[in-house]
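# An overview of the molecular structure
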Amino acid sequence: MKRIVSLLLLVLGLTATFAQTPSTSADAKLSPAERSMAQARKLVAKNPSDFEAYNALALALSRRARETSDVTFYAQGEEALQKSFAIAPGNLDGQRIRVWLLLGKHEFAAALEAAKTLNKKMPDDVMLYGFLTDANVELGNYKDAETAAQWMLDLRAGNMPGITRAAYLRELFGDIDGSLELMNMAYQSNPPSEVEDGAWIVTQMAHLNLTIGKIEQAEKLAQQALAMFPGYHYALGNLARVRIQQKRYDEAVDLLKQRYQAAPHAENLFDLAQTLQLAGRKDEAQNAFAEFERKSLLETNRADNSNHELIFYYADYANQPAKALEVAKREYARRHDVFTLDCYAWALHVNGENQEALKQMGTALAVGIRDAKLFRHAGEIALATGDHVAAERYLQQSAELNALGSEEARIALAGLSQSVSAR
């Protein structure tokens, strides 16, 4: 699952002031976000001068953006907020939702500053600490993110947005079991009517199991998420990763095609292209990579981009290391989270700048993350510097996770062992 703020749009603290109407039989076929959108639009029609109705609509639209991965809903949310501010300039609920929209659009630095400003006005607001957590995580300010998440839990013990953010931080810090425990707590507390929130949590649990090689459990959870929220693009991605681990590549391709149809973003096309190549469908893979590059370059200078995937495309598939480093430097100037550091380190490595690559990778791994791909990259970079001891250690850590990236690590480890034996 893509790591850039898969925001768990649970409505604690944001919708408490918004009126809710009972669901009708027709509403039963709508998603939670669609029901909220319909209710908000009824409120707007009833009283077009009610700024809170426009806030409710903006919030519902942002939730729909996550359900569908359609970023046009963020633009519609902004339009609703502008109407709210025209009626009640600077209203606090609208300002909070504005921060949420900034996060959804991946404008993390702007979101952080806006959240800090609001936090000074409302120091006891739980969700503002959630926004501070999200923005700091994506920028790589992990200590600040941890502090903000702890404030969420201190202010309201057991609140679900705080629990899910604490779970993600535990994952980043290498405590996968602790992360799973917290995600399960969140799931047990999730209202049955909030099916997309529940599916999001279950999908995250599938992802966590995948990272430590628990393929069977990940498969069950991904299928559970799809049963809860049919066609859910995040769950389709994780089930595809399960199929890749099982070497059922054609089935993985079918799942990733479904995901790309539901969420036609460049990064999803990159995953599809990679899997087509694994399936031996080289012509299709080549076409998909070409279309990915075209789409990715169109957004490379925007905040919401697919630069991570573009870096790996240039480094690992297109044999254009200079372009990989160019994109990596641009993204590194924006954020220093562990996944951006990994991309930057790998781009440096394929350009022969291995000492600096090792430094950046060391910074990423110092956070504590246990990720097969990152460990493999660290091992290959260490090997390129001549540090066979460190290379073996990193590659072994990758192999032991038995996750995506582990097989390549085992191959590299075998090659390392042969070179040592030949001496």
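Everything in this summary refers to the structure shown in the same document.

Cut-off values and rules
Residues numbered from 1 in each chain as written. Predicted model: local features only at pLDDT ≥ 70, side-chain atom pairs only at ≥ 80, totals over all residues. Heavy atoms only, no water. Salt bridge = Lys/Arg side-chain N within 4 Å of Asp/Glu carboxyl O. Helix = DSSP H or I, 4+ residues; strand = E, 2+ residues; numbered from the N terminus. Buried < 20%, exposed > 50% of the residue type's maximum accessible area, 1.4 Å probe, protein only. Phe/Tyr/Trp six-rings, centres within 6.5 Å; stacked < 30°, edge-to-face > 60°. Lys NZ or Arg CZ within 6 Å of the ring centre and 35° of its normal. Expected span 1.5 Å × (residues − 1). Axes fitted to C-alpha atoms, helices over the stretch in contact; angles between N-to-C directions. Parallel < 35°, antiparallel > 145°, perpendicular 65-115°, else oblique. Left-handed = near helix turned anticlockwise from the far one by under 90°. Contact = heavy atoms within 4.5 Å. Nonpolar A, V, L, I, M, F, W, Y, C, P; charged D, E, K, R; others polar. Arc of directions from axis to C-beta. Core = buried A, V, L, I, M, F, W, Y, C linked by side-chain atoms within 4.5 Å.

This paragraph deals with the pattern of salt bridges. Throughout the structure, instances matching the rule amount to 29 salt bridges. Among the ionic pairs, Lys116 bridges to Glu113, the shortest N-O distance being 3.9 Å. Of the two residues, Lys116 and Glu113 both sit in helix 5 (residues 108-121), three residues apart, roughly one turn of that helix. A residue is classified by how much of its surface remains accessible, and Glu113, at 46% relative accessible area, is partly exposed. In this structure, Lys247 and Glu407 form a salt bridge, with 2.8 Å as the shortest nitrogen-oxygen distance. Of this pair, Lys247 sits in the loop between helix 12 (233-245) and helix 13 (249-262) while Glu407 sits in helix 22 (residues 406-421), and the two are 160 residues apart along the sequence. A single network of salt bridges, built from pairs that share partners, joins Glu138, Glu331, Arg334, Arg335 and Asp337.

With that settled, the discussion passes to the environment of Gln150. Examined against the element boundaries, Gln150 turns out to sit in helix 7 (residues 142-155). Residues Gln150 and Ala60, spaced 90 residues apart in sequence, show a C-alpha to C-alpha distance of 27 Å.

So, about the packing of aromatic side chains. Scanning the model with the defined rule gives 12 aromatic pairs in all. An aromatic cluster of three or more residues is present, and its members are Phe270, Phe289, Phe292, Tyr313, Tyr314 and Tyr317. The positively charged end of Lys373 is found above the aromatic ring belonging to Phe312, 3.6 Å away from the centroid. Here the guanidinium or amino end of Arg376 rests over the ring plane of Trp346, the centre of that ring lying 5.9 Å away.

Moving on, we come to helix 10 (residues 195-211). End to end, helix 10 covers 24 Å across 17 residues, agreeing with the expected 24 Å (1.5 Å per residue, within 8%). Most of helix 10 sits out of view: 16 of its 17 residues are buried. Just beyond helix 10, the residue with positive phi is Gly213, at close to 80 degrees.

Here we come to the packing of helix 18 (residues 338-350) against helix 19 (residues 354-365). Relative orientation of the contacting elements helix 18 and helix 19 amounts to 165 degrees, with a least axis distance of 8 Å. Looking at the two axes, helix 18 sits roughly antiparallel to helix 19. Taken as a pair, helix 18 and helix 19 cross one another with a handedness that is left-handed. In this structure, helix 18 uses Val338, Leu341, Asp342, Tyr344, Ala345, Leu348 and His349 to contact helix 19, whose residues at the interface are Asn354, Glu356, Ala357, Gln360, Met361, Thr363 and Ala364. Here the contact of helix 18 with helix 19 is composed, by residue class, of eight nonpolar, four polar and two charged.

Let us now look at helix 19. With 12 residues, helix 19 should cover 16 Å at 1.5 Å per step; its first-to-last C-alpha distance of 16 Å lies within 8% of that length. For helix 19, every residue scored as buried is listed here: Asn354, Ala357, Gln360, Met361, Ala364 and Leu365. End-on, the buried residues of helix 19 take up no more than an arc of 135 degrees, which puts them together on one face. Along helix 19, the residues that are exposed and aim more than 90 degrees away from the buried face are Gln355 and Lys359.

Here we come to the nonpolar core. Leu172, Tyr232, Val338 and Leu365 are the most contacted members of the largest nonpolar core, which has 93 residues in total. Broken down by element, the residue count for this core peaks at nine residues, all from helix 18. Residue contacts for Val338: discarding those within four places in its chain leaves Tyr142, Leu172, Ala364, Val367, Ile369 and Leu374. In terms of nonpolar packing, the next biggest core, distinct from the first, is built from 37 residues, Ala40, Phe73, Ala115 and Met127 among them.

Here we take up the side chain of Arg376. Topologically, Arg376 is positioned in helix 20 (residues 372-384). On the basis of relative accessibility, which here comes to 11%, the residue Arg376 falls in the buried class. Once you skip the residues sitting within four places of it in the chain, Arg376 turns out to touch Trp346, Leu395, Ser398, Gly405, Glu408 and Ala409.

With phi around 60 degrees, Lys247 is a residue other than glycine that occupies positive phi space. By relative accessible area, which is 46% here, Lys247 ends up partly exposed. The phi dihedral of Asn402 is positive, around 55 degrees, even though this residue is not glycine. Classification of Asn402 by relative accessible area gives partly exposed; the value is 36%.

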